[in-house]
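Coordinates in review
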Amino acid sequence: MLLRRCKKIKVKIMDNAYSIRLSCEDDFDAIEEIEHQVFSNPWPPEAFSRMLFPWAFTLLYGKEVIGYIFYCGVKEEMVIVNFAVKPDFQGKGLGEYLLTETMRMMNKNGVQRFYLDVRISNYKARRLYEKVGFQEIGIRKQYYNNPDEDALVMGMEFNDIRV
């Protein structure tokens, strides 16, 4: 289970209704629910409960958890390991907001490079990543299952951020 207590962090607020905080124990149930709404092969509960990502962020609408992004990495490099916005809130720029603001926060702490894997067929996510500045750098064959599919590996230097 996540052990971090909920704590606000300083982040640019999209408007008064939306905010970002470090993910905490109180967010776990809502994150798991979003995971099941968004992904055909969601992470099992123990994947969230066995590790606390030091760079895990929660997107809030008022007090409601509506999205999350988890990074892992070392020093100057981070990998986006999981990222989702609740379906009712998609298409409103909130994924871009969560992605770019958390990348800016990590850049202030020395992170220069970001990487991710995305399903080849996930054109919506790929367009977002390309808009922000990610570029295709490789393919992981048969990386995903349910359905079986290749992953597109993408990466970017923070200095190349476009938004």
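Residues numbered from 1 in each chain as written. Predicted model: local features only at pLDDT ≥ 70, side-chain atom pairs only at ≥ 80, totals over all residues. Heavy atoms only, no water.

**Digging into the confidence of the model for the protein**
In plain terms, the rule: Per-residue confidence from the predictor is reported as pLDDT, a score between 0 and 100. Put simply, DSSP H or I for four residues or longer makes a helix, DSSP E for two residues or longer makes a strand, and each gets a number counted from the N terminus.
The pLDDT averaged across the protein works out to 87; a share of 88% of its residues lies at or above 70. In the model of the protein, strand β1 (residues 7-8) stands out as the element of lowest mean pLDDT, 60, in contrast to strand β6 (residues 113-119), which has the highest, 96.

**Observations concerning the pairing of strand β8 (residues 149-157)**
This is how the line gets drawn: Each residue gets one of three labels from its accessible area relative to the maximum for its type: buried under 20%, exposed over 50%, partly exposed in between, using a 1.4 Å probe on protein chains only. Strands pair, by our definition, only if DSSP identifies at least two bridges between them.
Counted residue by residue, β8 has eight buried out of nine residues, so it is predominantly covered. Alignment of β6 against β8, held across seven bridges, turns out to be antiparallel. Following the sheet pairing, Val118 is matched in β8 by Leu152. Here strand β7 (residues 135-144) hands over to β8 after four residues, with Asn146 in that stretch at a positive phi of 60 degrees.

**Digging into helix α4 (residues 123-132)**
Let me state the cut-off plainly: Starting at the helix axis, one direction is taken to each C-beta atom, and the arc is that of these directions. Whether two residues are in contact is decided by their heavy atoms: any pair within 4.5 Å suffices.
Among all positions in α4, only Ala125, Arg126, Leu128, Tyr129 and Val132 are buried. Each buried residue of α4 sits inside an arc of 160 degrees when the element is viewed along its axis, so together they form one side. Counted as exposed and oriented over 90 degrees from the buried face of α4: Tyr123, Lys124 and Arg127. Check the buried side of α4 and you find it contacts β5 (77-85), α3 (94-108), β6, β7 and β8. A positive backbone phi angle near 130 degrees is found at Gly133, which sits one or two residues after α4.

**Describing the packing of α3 against α4**
To be explicit about the condition: Only C-alpha atoms enter the line fits that serve as axes; for helices the fit covers just the stretch in contact. Angles between N-to-C directions range over 0 to 180 degrees. If an angle is under 35 degrees, it is roughly parallel; if it is over 145, roughly antiparallel; if it lies from 65 to 115, roughly perpendicular; otherwise it is oblique. By definition, any crossing whose near helix is turned counterclockwise from its far helix by less than a right angle is left-handed, and any crossing with a clockwise turn is right-handed. Any residue outside Ala, Val, Leu, Ile, Met, Phe, Trp, Tyr, Cys, Pro, Asp, Glu, Lys and Arg is labelled polar, Gly included; the first ten of those are nonpolar and the last four are charged.
Where α3 meets α4, the closest approach of the two axes is 11 Å, and the angle between their N-to-C directions is 40 degrees. Accordingly, the angle class assigned to the pair α3 and α4 is oblique. The interaxial crossing formed by α3 with α4 has right-handed handedness. Contacts between α3 and α4 involve Gly95, Glu96, Leu99, Thr100 and Met103 from the former and Leu128, Tyr129, Lys131 and Val132 from the latter. Looking at the contact of α3 with α4 residue by residue, the class counts come to five nonpolar, two polar and two charged.

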